[in-house]
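Survey of secondary and tertiary structure
Residues per chain, in single letters:
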Amino acid sequence: MSSESLNLFEKAKKLIPGGVNSPVRAFRGVGGTPFFTKRADGCHLTTADDQELIDYVCTWGPAIHGHNHPMIHEAIANALKNGTSFGTPGPAEVEMAELIVEVVPSVEKVRMCNSGTEATMSCIRLARGFTGRSKIIKFAGCYHGHVDSLLVKAGSGALTLGNPDSAGIPPSFAQETIVLPFNDVDAVRHAFFEARDEIAAIIVEPYPANCGLILPQPGYLNSLREIATEYHAVLIFDEVMTGFRLGIGGVQEMTGVTPDLTAMGKIIGGGLPVGALGGKAEIMDHLAPLGPVYQAGTLSGNPLAMAAGIQSLRMLRDLSPYPALETSGSTLAAGIRSIAHDRGIPLQVPQAGSMLSLFFTEETVLNFEQALACKHDRFNSIFHHLLESGVYLPPSSYETCFISTAHEQPVIEQTLDKVNSAFSSI
Ligand SMILES: *Cc1c(COP(=O)(O)O)cnc(C)c1O
């Protein structure tokens, strides 16, 4: 690791806990020290040491058009002329709401906030306020931001009352969270059988992408919909990652399964901090000031963030880059699979559109337990080889790789050459 990033990291560690403002950036998963980025353009990052990297993190999802896209840049610059924050309603908020309602099938009304975490937190509160019930079901391995009651992992057994995953969360909070294995319909039925009148909501990443990429079994999401309807519980899709990425309308558009509430984030801000929650008007109208469920934000609907987000969503709607992104994703995934196969290295590369991940194992990964059991040291070794040769994968085997429209065919081929060299070294 060259010197400028190291110097910055040493200095940062004295001032910022662990030297980073979000933990996974610290490279704890893969070992070593993180590089610092001074510039991002298209599919490339330029590090503080002037190394150019092909970037498969894409700022953890938002940069679907590549970094620093000129149209988004221009939209922000234009909005900036009118000021940075109003503290009153602004026209861009109405335009953003119109766009979201137009493209996300289940959303009749929408409230803007500033992060994915705020969106999921408010979905949970709203579901509880709407149903008058307390408990929620989440699935092991699904990440919904750093909300107290959602930072809970699985214990053993089909119906597990949660244990906190983070210090600082009272066990009494965690007890309101039932953690179940993903892709297991019986576990959900059993949970409702045991606690039917207490469960306010099921929250799910419809394509879990925070413990590698796990694909739902055919019919699984439909079953969640049926069970939630049967027991009058709220079905929440956390589409912070998948929304606008797997299709303009997210997984709900792809699968035709309609949630009651949807949490959105990442791409919706075009690279600025934005989140949103939306859904049926009947439920959304329980939010203040119409209803009793309080939710607020000083900078929510910020005009610069709205300008970036609107531009980003418009380009997705009008240019529909999804078939091209699918081609890039499947070319990359197939290439990596064949490199591993030729060397006799067991590897699964689940892929959906512009998302894919690497599981070093023989079997298809259907849940969190299986993701945990993979050979993570292999991923770490590949990660470091690729980084040295100029390709940046997410610094943890539990993260998903993202492709943008700026990752054109030659870049994918260049990446596969480097993957080939990296695999020859393990
Ligand atoms: C990133 C993410 C969040 C949290 O969003 P932040 O903007 O980081 O708070 C929530 N849910 C999912 C599925 C995510 O991928």
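Quick note: structure is the one above.
Residues numbered from 1 in each chain as written. Predicted model: local features only at pLDDT ≥ 70, side-chain atom pairs only at ≥ 80, totals over all residues. Heavy atoms only, no water.

Moving on, we get to the sheet that holds strand S17 (residues 401-402). Two modes of strand pairing occur in sheets, parallel and antiparallel, and in both the strands are linked by backbone hydrogen bonds. Sheet architecture is open: 3 strands sit in the order S14-S15-S17, paired in antiparallel fashion. Across the chains shown, the open sheet's two edge strands, defined by having one partner strand only, are strand S14 (351-352) and S17. With 2 bridges joining them, strand S15 (residues 355-356) and S17 adopt antiparallel strand pairing. The partner of Met355 across the bridge, within S17, is Phe402. (Pairing = 2+ DSSP bridges. Helix = DSSP H or I, 4+ residues; strand = E, 2+ residues; numbered from the N terminus.)

Mapped onto the secondary structure, Thr415 falls in helix H14 (residues 409-424). Among the residues examined, Thr415 registers a relative accessible area of 2% and is labelled buried. A polar atom in the side chain of Thr415 sits 2.7 Å from the backbone oxygen of Val411. When residues no more than four places from it in sequence are discounted, the contact partners of Thr415 are Ile54, Tyr56, Leu332 and Val391. (Buried < 20%, exposed > 50% of the residue type's maximum accessible area, 1.4 Å probe, protein only. Polar contact = N/O pair within 3.5 Å; in protein donor to acceptor, adjacent residues only side chain to side chain. Contact = heavy atoms within 4.5 Å.)

Relative to each other, helix H2 (residues 70-80) and helix H10 (residues 303-319) sit at 150 degrees, their axes nearing to 8 Å. Taken together, the axes of H2 and H10 lie roughly antiparallel to each other. Classified by chirality, the crossing of H10 by H2 is right-handed. Of H10, the residues touching H2 (which contributes Met71, Ile72, Ala75, Ile76, Ala79 and Leu80) are Pro303, Leu304, Ala307, Ala308, Gln311, Ser312 and Met315. Taken together, the residues of the contact of H2 with H10 break down into 11 nonpolar, 2 polar and no charged. (Axes fitted to C-alpha atoms, helices over the stretch in contact; angles between N-to-C directions. Parallel < 35°, antiparallel > 145°, perpendicular 65-115°, else oblique. Left-handed = near helix turned anticlockwise from the far one by under 90°. Nonpolar A, V, L, I, M, F, W, Y, C, P; charged D, E, K, R; others polar.)

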